[in-house]
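Structural characterization, general
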Amino acid sequence: MTSSDNLYHLAAHEASRLLAAGEISAVELTEAVLSRIEAVDSQVRGLVTVTAEQARSTAQEADRRIKEGNATPLTGIPLVLKDNMCTEGIATTCSSRMLESFVPPYTATAAQKLLDAGAVMVGKSNMDEFAMGSSTENSAFFPTHNPWDSGRVPGGSSGGSAATVAAGETLIALGSDTGGSIRQPASFCGVVGIKPTYGTVSRYGLIAFASSLDQIGPLTSNVTDAALTLNTISGYDSMDSTSINRDTPDYTRALVPDVRGMKIGVVKEMFGEGVEPQVRDTVLEAARVLEQAGAIVDWEVSLSLTEYALPVYYILAPSEASSNLARYDGVKYGYSWDGAADMWEGMERTRQHGFGPEVKRRILLGAYALSSGYYDAYYRKAQQVRTLIRREYEDAFTRFDVLLTPTSPTLPFGLGERTNDPLAMYLADICTIPVNIAGVPAVSLPCGFVDGLPVGLQLIGPSLGEESIIRAAYTYEQATDWHTMRPRLGYRF
Amino acid sequence: MTEDNTDTGPSGPELVRSLAELSRVGMTDEEVVAFGGQLDAIIESVSALQEVDTEGVEPTGHAIDVTNVYREDIAREPYGRDEMLSNAPAAQEGYVRVRYVFGEDETEP
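Attention in this report is confined to the structure presented alongside it.

The rules behind these values
- Residues numbered from 1 in each chain as written.
- Chains lettered and ligands numbered in written order.
- Predicted model: local features only at pLDDT ≥ 70, side-chain atom pairs only at ≥ 80, totals over all residues.
- Heavy atoms only, no water.
- Helix = DSSP H or I, 4+ residues; strand = E, 2+ residues; numbered from the N terminus.
- Rg over C-alpha atoms; globule rule 2.2 N^0.38 Å.
- Buried < 20%, exposed > 50% of the residue type's maximum accessible area, 1.4 Å probe, protein only.
- Contact = heavy atoms within 4.5 Å.
- Areas by Shrake-Rupley, 256 points an atom, 1.4 Å probe, with all protein chains shown as cover.
- 1 Å grid on protein atoms, 1.4 Å probe; cavity = no way out; pocket = protein on both sides within 12 Å on 5 of 7 lines; lining within 4 Å.
- Points joined across faces, edges and corners; volume = space filled by probe spheres on them.
- Nonpolar A, V, L, I, M, F, W, Y, C, P; charged D, E, K, R; others polar.
- Core = buried A, V, L, I, M, F, W, Y, C linked by side-chain atoms within 4.5 Å.
- Buried area = accessible area lost by both parts, 1.4 Å probe.
- Salt bridge = Lys/Arg side-chain N within 4 Å of Asp/Glu carboxyl O.
- Polar contact = N/O pair within 3.5 Å; in protein donor to acceptor, adjacent residues only side chain to side chain.
- Axes fitted to C-alpha atoms, helices over the stretch in contact; angles between N-to-C directions.
- Parallel < 35°, antiparallel > 145°, perpendicular 65-115°, else oblique.
- Pairing = 2+ DSSP bridges.
- Expected span 1.5 Å × (residues − 1).
- Bend = angle between axes of the 7 residues up to and from the residue.

1. Observations regarding the overall build of chain A
For chain A, the helix and strand inventory stands at 15 helices and 11 strands. Relative to its length of 493 residues, chain A is compact, with a C-alpha radius of gyration of 21 Å against a globular reference of 23 Å. Seen along its three principal axes, the alpha-carbon backbone of chain A occupies a region of about 65 × 55 × 45 Å. The 493 residues of chain A split such that 68% are buried. Within chain A, contacts between residues separated by at least 24 positions form 76% of all contacts whose residues are at least 6 apart in sequence.

Pasting the structure below:
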């Protein structure tokens, strides 16, 4: 469990420095990562598609660009995209039978921005089908394994992105976060993940799950790389109707190891029942590190509506999903069931065989919450409680710069442990879901290990307050060395 | 559980059958039974929201204050027809091919 000199475990900003200095080439770096994928992905199973050939030619272009002197900090840096982001000419499956053969005619804005910056895509990562899940076990293809313990889940739904970063199969990755899908796998895999303020990163080309909550963000091995990646993917996009139109700040300016005078609130509701004692203690210890660095910590902040965020989410997200997924009818693209006598049978059989159980459950639940007679009691009610939760966060941020919680209430759980109990699986996200409901940004970063398994610290900021959480996260990271830990993988060969 | 006006409708397998029909998702009998129990449990758990006083509270659709965004009415190059049809399960003469809407031998739906 020590830092490695191997190129594939370099921080992206460190690799960028070596590339600029001519000490390594993008081709060398890409080959190192592709060999690493070859060596360990049979164990991790983080990737649905490996784009080796394209990566090699992109890496050559990157080397030319570096030589010409017009490189960006991400030129030549290996990248993995969650497989719900459209990539022109490359299969984009959402880890679903429904989209197994789908080859998009265009590339998602966030992905395109990274490619334009010269990042080298090496593959597309496994996920819970249509991003619905917290363990990546809902993938229609195969489960991904936690690089720290192959008998445990990597979290989800961006489990493949988090696991490949942890395993050195890429230097940076993108995930998407609707209720914790970037932060919870970041926590389980011991990496950094940011869910930006809703509207910061374009959703154009991100296959829709729950449109009012979905947000793309980075997964990286350290806070600096997350800030660099966020710099590249943020910004207004006319193709996304909820994109915020403003000048994007330079998030790397927030990489300052100083929290003196910063007001941090420890949210007591997220340290209570259901939170494993060792997780609680580890995260509280992280708060003490920030206090020692000069932050003013209030240890008893109450967000009284916390318990209602989960029910709000499990009404709103399935409602939006049932509407968004109505498009999969086996006619225009995607899987289509053969042999139906008429249109209705074709549609029903296509959706029966194209979707897995969790997706079906959420479609049914959404149809229920939206159906006449139940709409006011469920959907409208949930939207009203969402208003109250937003207000509670707005109010808290008049008193605090950053709120502090565990990312996940538990350590990574075992493969298969929760697959038969949807409600138990949903509880994995109790600390992350309120953030999406409020629409605010949050980061998860490693803050220790229990029995060899990583624990994640969540720092939540006010709307458009990415700089505050990056600054606090960076300060913590500089004071500790958890981000230098690497899982022992590949030694069994 | 709190009292509300929503617990009078169908539940369990019966509810699943009607929702599956509404959503056009085919289901096996085993799925109907399994989902029935799970859906009942989930609905019971989310019904906790009925405890919250929301009198006079405006609903939130999404978290940022952006509504009705329009773009300039400028024509753009669309994707090509062949490109669009390349993902279609069945296409013919430049069109997506669909199945019979009313069934091969029927005149009434």
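Past the structure itself, the notes keep going.
2. So, the overall build of chain B
The number of helices and strands found in chain B is three helices and two strands. Listing the helices and strands of chain B from first to last along the sequence gives α-α-α-β-β. The proportion of buried residues among the 109 residues of chain B is 32%. Contacts in chain B between residues far apart in sequence, at least 24 positions, make up 35% of those at least 6 positions apart. Counting only carbon and sulfur atoms, one obtains 47% of the accessible surface of chain B, whose full area is about 7,800 Å².

3. Let's talk about empty space enclosed by the protein
All names here are of chain A. Under the counting rule described, the total for this entry stands at five cavities of 30 Å³ or more. Taken together, Gly-199, Thr-200, Ser-234, Gly-235, Ile-244, Arg-246, Thr-248, Tyr-251 and Leu-464 make up the lining of the largest cavity. A class-by-class count of the residues in the lining of the largest cavity yields three nonpolar, five polar and one charged. Its boundaries defined by the atoms lining it, the second largest cavity holds a volume of some 50 Å³. In this structure, the second largest cavity is lined by Ala-131, Gly-133, Ser-134, Gly-179, Gly-180, Ser-181, Tyr-313, Tyr-314, Arg-362 and Asp-429. Taken together, the residues that form the lining of the second largest cavity break down as three nonpolar, five polar and two charged.

4. Re the nonpolar core
Counting residues in hydrophobic clusters, the biggest one holds 96 residues, and the most contacted among them are Ile-77, Leu-404, Leu-457, Leu-459 and Ile-470 of chain A. With seven residues, helix α2 (residues 26-44) of chain A is the single largest residue contributor to this core. Setting aside residues up to four positions removed in sequence, Leu-457 of chain A forms contacts with Val-283, Ala-286, Leu-404, Thr-405, Thr-407, Val-443, Ser-444, Leu-445, Cys-447 and Tyr-476 of chain A. If you look at the next biggest cluster of nonpolar residues, it comprises 75 residues, including Leu-305, Tyr-374 and Leu-403 of chain A together with Val-57 of chain B.

5. Some points on the interface of chain B and chain A
Listed as interface residues are 55 residues of chain B and, on the opposing side, 67 residues of chain A. Between chain B and chain A, the buried area comes to about 5,400 Å², and carbon and sulfur atoms account for 63% of it. Of all residues in chain B, Arg-24, Leu-49 and Arg-99 of chain B give up the largest surface area on contact with chain A, accounting jointly for 15% of the area buried on that side. Between the two partners, chain B and chain A, sit two salt bridges. For Lys-360 of chain A, the salt bridge is made with Glu-31 of chain B, and the minimal N-O distance between the two is 2.8 Å. In this assembly, chain B and chain A are joined by 24 residue pairs in polar contact (both at pLDDT 80 or more). Elements represented by at least two residues in the side of chain B that touches chain A include exactly α1 (12-23), α2 (29-46) and α3 (81-85) of chain B. For the side of chain B that touches chain A, the leading source of residues is α2 of chain B, giving nine residues.

6. A word on unusual backbone geometry
That bond from Gly-156 of chain A to Ser-157 of chain A is cis: its omega, 10°, falls within 30 degrees of zero. Considering the arrangement of structural elements, one finds Ser-157 of chain A in the loop between β3 (120-125) and α5 (159-167). Even without glycine at this site, Ala-131 of chain A takes up a positive phi of about 70°. Assignment of secondary structure puts Ala-131 of chain A in the loop between β3 and α5. The phi angle at Glu-93 of chain B is positive, at roughly 50°, despite the residue not being glycine.

7. What to know about the packing of helix α9 (residues 306-324) of chain A against helix α11 (residues 357-370) of chain A
All names here are of chain A. The N-to-C vectors of α9 and α11 enclose an angle of 100°; their axes lie 7 Å apart at closest approach. The pairing of α9 with α11 is recorded here as roughly perpendicular in orientation. Together, Tyr-313, Tyr-314, Ile-315, Pro-318, Ser-319 and Ser-322 of α9 and Arg-362, Ile-363, Leu-365, Gly-366, Ala-367, Ala-369 and Leu-370 of α11 make up the contact between the two elements.

8. Some words on the sheet that holds strand β8 (residues 296-301) of chain A
Residues and elements named next belong to chain A. Across the sheet, which stays open at both edges, the 11 strands sit in the order β1-β3-β2-β4-β6-β5-β10-β11-β9-β7-β8 with mixed pairing between neighbours. The outermost strands of the open sheet, each flanked by one partner alone, are β1 (47-50) and β8. Adjacent strand axes in the sheet meet at a mean angle of 30°, parallel and antiparallel pairs treated alike. Bridge count between strand β7 (residues 263-267) and β8: four bridges; the pairing is parallel. Across the sheet, residue Ile-264 finds its bridge partner in β8, namely Val-297. Along the sheet, helix α12 (residues 376-399) contacts β7, β9 (402-406) and β11 (453-460); its crossing angle with β9, the most-contacted strand, is approximately 115°.

9. Describing α12 of chain A
Residue and element names in this part refer to chain A. Taking 1.5 Å of rise per residue, the 24 residues of α12 would be expected to cover 34 Å, and the 34 Å separating its terminal C-alpha atoms lies within 8% of that figure. Along α12, the helix axis deviates most sharply at Ala-382, where the bend reaches about 25°. Along α12, 17 of the 24 residues are buried, which leaves the element largely enclosed by surrounding structure.

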